[in-house]
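Single-letter residue listing:
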Amino acid sequence: MIKNDTIIALATPSGIGAIAVIRLSGENAITIVDTFFKSIKKGKTLQNQKSHTIHLGHIINDKDVLDEVLVSVFKNPNSYTGENVVEISCHGSAYIQQEIIQLFLKNGCRMADNGEFTMRAFLNGKMDLSQAEAVADVIASNSAASHQMAIQQMRGGITNELKELRSKLLDFAALIELELDFSGEDVEFADRTQFKELVAKITYVLKRLIDSFAFGNAMKNGIPVAIIGEPNVGKSTLLNALLNEEKAIVSDIAGTTRDAIEDEISINGVIFRFIDTAGIRETEDVVENIGIKKAYEKAENAQLIIFLIDARTEKKSQRKQEIDLIKKRFPNKRLLVIANKIDLISNNDRNALESEIDNLILLSAKNKTGIEDLKNELISLVNIGALSNNETIVTNSRHFEALNNALLAIQSVKEGIDLEISTDLFSIDIRECLRHLGTITGDYDVDKDILGHIFSNFCIGK
Ligand SMILES: Nc1nc2c(c(=O)[nH]1)N(C=O)[C@@H](CNc1ccc(C(=O)N[C@@H](CCC(=O)O)C(=O)O)cc1)CN2
Ligand SMILES: Nc1nc2c(ncn2[C@@H]2O[C@H](COP(=O)(O)OP(=O)(O)OP(=O)(O)O)[C@@H](O)[C@H]2O)c(=O)[nH]1
Ligand SMILES: [Mg+2]
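Residues numbered from 1 in each chain as written. Chains lettered and ligands numbered in written order. Predicted model: local features only at pLDDT ≥ 70, side-chain atom pairs only at ≥ 80, totals over all residues.

- Named according to an unreviewed UniProt entry, the protein is tRNA modification GTPase MnmE originating from Polaribacter marinivivus.
- Looking at the Sequence similarities (unreviewed entry) heading of the UniProt record, one finds this comment for the protein: "Belongs to the TRAFAC class TrmE-Era-EngA-EngB-Septin-like GTPase superfamily. TrmE GTPase family."
- As stated in UniProt under Subunit (unreviewed entry), the record for the protein gives "Homodimer. Heterotetramer of two MnmE and two MnmG subunits." (UniProt positions renumbered as here; feature names shortened; annotations may be inferred.)

## Digging into the UniProt feature "binding site: (6S)-5-formyl-5,6,7,8-tetrahydrofolate" (unreviewed entry) in the protein
Step number 1: The sites that UniProt annotates as "binding site: (6S)-5-formyl-5,6,7,8-tetrahydrofolate" (unreviewed entry) are R23, E87, K126 and K462.
Step number 2: One can find R23 in strand β2 (residues 19-25).
Step number 3: Overall, R23 belongs to the buried group, with 23 C-beta atoms counted inside 10 Å.
Step number 4: Note that K462 resides in the segment after α16 (448-456).
Step number 5: Sequence-distant contacts of K462, defined by excluding residues within four places in its chain, comprise G115, F117, T118, V135 and I139. (Helix = DSSP H or I, 4+ residues; strand = E, 2+ residues; numbered from the N terminus. Buried ≥ 20, exposed ≤ 12 C-beta atoms within 10 Å, placed from the backbone. Contact = placed C-beta atoms within 7 Å.)

## Focus: unusual backbone geometry
It is generally the case that most residues other than glycine have a negative phi and that most peptide bonds are trans.
Step number 1: Here the residue pair N76 and P77 is connected by a cis peptide bond, since its omega of 5° sits within 30 degrees of zero.
Step number 2: By the element assignment, P77 lies in the loop between β5 (64-74) and β6 (85-91).
Step number 3: With phi around 50°, N359 is a residue other than glycine that occupies positive phi space.
Step number 4: Inspection of the secondary structure puts N359 in the loop between α11 (347-356) and β13 (361-362).

## Concerning the site of ligand 1
Step number 1: Around ligand 1, the neighbouring residues are H52, F74, N78, S79, Y80, E87 and K126.
Step number 2: Residue composition of the shell around ligand 1, grouped by class: 2 nonpolar, 3 polar and 2 charged. (Near = placed C-beta within 6 Å. Nonpolar A, V, L, I, M, F, W, Y, C, P; charged D, E, K, R; others polar.)

Here it is, written out as structure tokens:
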């Protein structure tokens with residue numbers, strides 16, 4: 001890849017639209033477009049225009065008018081990429097889009113790789129690596145929650161949380177390394193009390209960010225909720241009621257659902273992914289048993305488990321035992337116990353049921369009563385406080401890994417100070433911590449492979 005060579009790509013989705021935007025970036029972007037752009041104002045060229053201006057004219061190839069277009073000019077270094085950028089807004093015909101792109105490909109441009117515009121923005125210091133990565137998340141965001149986390153990150157969330165701590169740690173690293181130069185003498189340039197405080201603060205912030213990842217990931221990908229229970233209790237009916245769609249087959253035959261069926265809905269801007277599973281029971285049926293095994297797996301991988309029971313009280317004594325068994329089987333999961341088919345029992349029985357089982361939710365999946373209460377309960381189980389406080393939430397596994405490595409390093413530093421081991425040993429750990437933090441923003445260790453990998457997941461034209 002030649003640096004500053006001029007790249008081109010369609011910035012809008014491929015296909016037909018009212019208008020399409022074709023974007024060029026690189027040293028020659030403006031002069032290349034000038035060759036084929038004829039302003040409606042006689043003699044006006046793009047090179048002579050100010051940055052951030054828009055011009056009406058025609059793209060002309062060999063005297064043929066390809067289209068009437070609006071052209072925006074952004075001049076190095078004041079553009080998204082930091083290079084000269086031209087955006088051509090043409091009519092959204094697939095033919096016009098292709099003709100214009102082909103014209104420029106034949107005249108000094110090459111097709112941009114995925115994410116190459118944003119990669120250039122990073123390389124030219126317009127944003128750090130974690131912000132560049134967040135651009136892809138912003139584009140992919142499909143709920144209020146994932147959108148908010150991505151925007152927060154694109155505006156420098158993690159970077160800002162770590163910036164000051166990093167620079168203080170760097171100062172200490174320098175002082176401690178200076179002490180090493182005087183190793184014969186008994187000098188301490190770095191105040192140990194202050195240093196310990198800083199290490200404690202960094203540990204605290206890293207832990208908070210690391211803890212946010214499970215939540216962030218769930219919010220980004222949707223929170224998986226497995227619906228489990230005995231056959232015929234109404235799991236599939238509940239799924240359908242939540243989705244407001246006849247997604248799963250419902251019948252009064254026990255063992256109707258064999259394979260897991262899932263779909264998502266947004267509740268108050270948070271995506272939940274509900275997974276309907278095969279009813280759990282002892283059976284000889286080979287296929288059904290595979291389904292039951294899968295039901296347990298789905299519950300294992302879910303964030304929340306809905307354990308659905310039939311509200312009718314025939315097997316009252318067994319019920320508490322069953323609930324306890326499920327709790328034991330999934331000790332680390334949030335379990336919601338729900339009694340279904342309350343339309344079939346009396347008010348007295350409802351009251352009895354509620355006093356029998358703690359935190360029980362009662363509903364009728366068939367009549368769709370109690371569904372709103374369930375939704376409210378689900379949303380209250382998710383700590384969306386972190387979102388409303390605009391806290392930085394880690395959603396990127398590369399950042400998560402770097403934060404964990406930085407935490408290990410800073411914990412070694414702390415041990416080193418506590419054990420009063422020789423300074424040269426823990427100064428290595430300080431450097432190690434700084435290096436891991438630096439990989440998040442892209443200050444360290446960003447070789448071509450890592451960059452290529454990060455940006456290859458972008459869409460073209462971004
Ligand atoms: N048409 C269009 N819309 C777009 C983008 C784009 O590239 N083109 N963006 C692309 O993702 C986003 C906006 N991001 C942008 C960020 C910086 C600059 C820019 O020109 N920055 C200059 C000057 C700022 C100024 O002075 O106004 C700079 O940083 O120096 C442009 C777009 C979303 N919408
Ligand atoms: N009266 C009443 N019937 C219900 C309710 N919910 C489900 N049913 C009925 O109960 C029967 C079983 O419902 P399903 O949703 O298929 O039950 P399931 O738990 O998915 O069953 P399996 O897939 O076999 O494990 C069907 O006949 C439903 O119409 C309810 O709230 N009230
Ligand atoms: Mg079912």
